[in-house]
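An overview of the molecular structure
The lines below spell out each chain.
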Amino acid sequence: MKERLKKIPVIRDYLCFFSVYHECSSFYRFLKKRWFQKFRKNVYWPVHERSEVRGRIIVGKGARVGHRPGCVIQGRGKVFIGDYVGIGPNCIIVSGNHDVYNQDEVVRKETVIGDYCWLASSAIILAGVVLGPRTIVGAGSVVTKSFPEGYCVIAGNPARVVKKLDKEKFVCKRPSVEYYGYIREDKFPSYYEKHLSHIKFSYDLHTITNNEYLIKCLATQ
């Protein structure tokens, strides 16, 4: 009986979705979000009720962004978060700050986080920072500069490299059906064109993600 259920398309899709977002979505919530799109049009992925996500933010496939409590993702500038990024509770990511001479003036920057990065609890990523793929940020760290090469562990305040990671040992796991938050991969292009196509990035995303669709769509023409 269990194997039969897994062959039903909506059950199969939910199991793939649940394998990534298991902490934050019941089957009922999944159906409600998927069929009726009961979410903010610029925040298309699960977000905890005690986290705050706002602004111009693009999130890749399987990324868990703000699904734990206490997170703040501020897209005053622009924030790009790649595929299968994991973010712990109480993390802060910003893309805009106050001008040091005029606090009423906002300085907007692009903050970019590559595929498979992992931000441990209470990590802070400041505006304009670029983290290359598979960068692990230690708990409580404050990242003030970029680490675009990726494949490293950074920690401290300000964060610095404490360990290099071997690319050959990296394990890449993906479900058979992939989701951009609540939106199945094959449905995402139409959603993007309708709600997100105004967001572009000047940073060369080729260096931090393998998501060719987002690279093509987000590049500044």
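Above this note sits the structure.
The notes below deal with the structure included here. Since the model is a prediction, treat every value here as computed from it, not as a measurement.

**Considerations on the sheet that holds strand 8 (residues 118–119)**
Pairing in this open sheet of 5 strands is mixed, and the strands run 3-8-11-13-14 from one edge to the other. Each of the sheet's edge strands pairs with one partner strand only, and the pair in question is strand 3 (86–87) and strand 14 (159–164).

**A word on the pairing of strand 2 (residues 72–81)**
Along strand 2, 8 of the 10 residues are buried, which leaves the element largely enclosed by surrounding structure. With 7 bridges connecting them, strand 1 (residues 52–59) and strand 2 associate as parallel partners. Bridging from a neighbouring strand, isoleucine 57 pairs with valine 79 of strand 2. Where strand 2 and strand 4 (residues 92–94) come together, 3 bridges link them in parallel fashion. For valine 72, the partnering residue across the bridge sits in strand 4 and is isoleucine 92. Note that strand 2 and strand 7 (residues 110–113) share 4 bridges and pair parallel. Bridge pairing links lysine 78 to glutamate 110 in strand 7.

**As for the environment of glycine 114**
Among the structural elements, glycine 114 can be located in the loop between strand 7 and strand 8. Judged by relative accessible area, which is 0%, glycine 114 ranks as buried. Along the sequence, glycine 114 and tyrosine 84 sit 30 residues apart, while their C-alpha atoms lie 9.2 Å from each other.

**Some remarks on the pairing of strand 7**
Residue alternation in strand 7 divides its side chains into two sets, Glu110 and Val112 and Thr111 and Ile113, and both sets are buried. Pairing geometry for strand 7 and strand 10 (residues 130–131), over 2 bridges, is parallel. Bridge pairing in strand 10 places valine 112 opposite valine 130.

**Overview of the state of the cysteines**
Two cysteines form a disulfide when their sulfur atoms are joined by a covalent bond. As enumerated under the stated definition, the model contains 0 disulfides in all. Between cysteine 91, a cysteine without a disulfide, and cysteine 71, which holds the nearest cysteine sulfur, the sulfur-to-sulfur distance is 5.2 Å. Relative accessible area serves as the criterion here: at 0%, cysteine 91 is assigned to the buried category.

**Focus: unusual backbone geometry**
For the bond from asparagine 157 to proline 158, the omega torsion is 0°, close enough to zero to count as cis. You can see proline 158 is positioned in the loop between strand 13 (152–156) and strand 14. Phi angles above zero are rare outside glycine, and tyrosine 84 is one such case at about 55°. Within the secondary structure layout, tyrosine 84 lies in the loop between strand 2 and strand 3. For serine 122, which is not glycine, the phi dihedral falls at a positive 70°.

**Some remarks on the environment of tyrosine 191**
Examined against the element boundaries, tyrosine 191 turns out to sit in helix 4 (residues 188–195). Classification of tyrosine 191 as buried rests on a relative accessible area of 5%. Remark: the alpha-carbon pair of tyrosine 191 and lysine 41, spanning 150 residues in sequence, is separated by 9.0 Å.

**Brief notes about the pattern of salt bridges**
Here the structure, examined in full by the defined rule, presents 7 salt bridges. We note a salt bridge from glutamate 52 to arginine 54, for which the minimum N-O separation is 2.3 Å. We classify arginine 54 as partly exposed; its relative accessible area is 37%. Here lysine 61 ties to glutamate 185 by a salt bridge, and the two come within 3.1 Å at their closest N and O atoms. In this pair, lysine 61 is assigned in the loop between strand 1 and strand 2 and glutamate 185 in the loop between strand 16 (183–184) and helix 4, connecting sequence segments 124 residues apart. Each of Lys61, Asp83, Arg174, Glu178 and Glu185 takes part in a single network of salt bridges with overlapping partners.

**Remarks on the packing of aromatic side chains**
One pass over the structure, following the stated rule, counts 12 aromatic pairs. Ring plane angle 80° and centroid distance 6.3 Å describe the contact between tyrosine 151 and phenylalanine 170, whose orientation is recorded as edge-to-face. On the criterion of sequence distance, the pair formed by tyrosine 151 in the loop between strand 12 (142–143) and strand 13 and phenylalanine 170 in the loop between strand 14 and strand 15 (179–180) is long-range, its members being 19 residues apart. The class of tyrosine 151 is buried, set by a relative accessible area of 18%. Among the residues examined, phenylalanine 170 registers a relative accessible area of 26% and is labelled partly exposed. An angle of 10° between the planes, with centres 3.9 Å apart, marks the rings of tyrosine 180 and phenylalanine 188 as stacked.

Calculation rules
- Residues numbered from 1 in each chain as written.
- Predicted model: local features only at pLDDT ≥ 70, side-chain atom pairs only at ≥ 80, totals over all residues.
- Heavy atoms only, no water.
- Pairing = 2+ DSSP bridges.
- Helix = DSSP H or I, 4+ residues; strand = E, 2+ residues; numbered from the N terminus.
- Buried < 20%, exposed > 50% of the residue type's maximum accessible area, 1.4 Å probe, protein only.
- Disulfide = S-S within 2.5 Å.
- Salt bridge = Lys/Arg side-chain N within 4 Å of Asp/Glu carboxyl O.
- Phe/Tyr/Trp six-rings, centres within 6.5 Å; stacked < 30°, edge-to-face > 60°.

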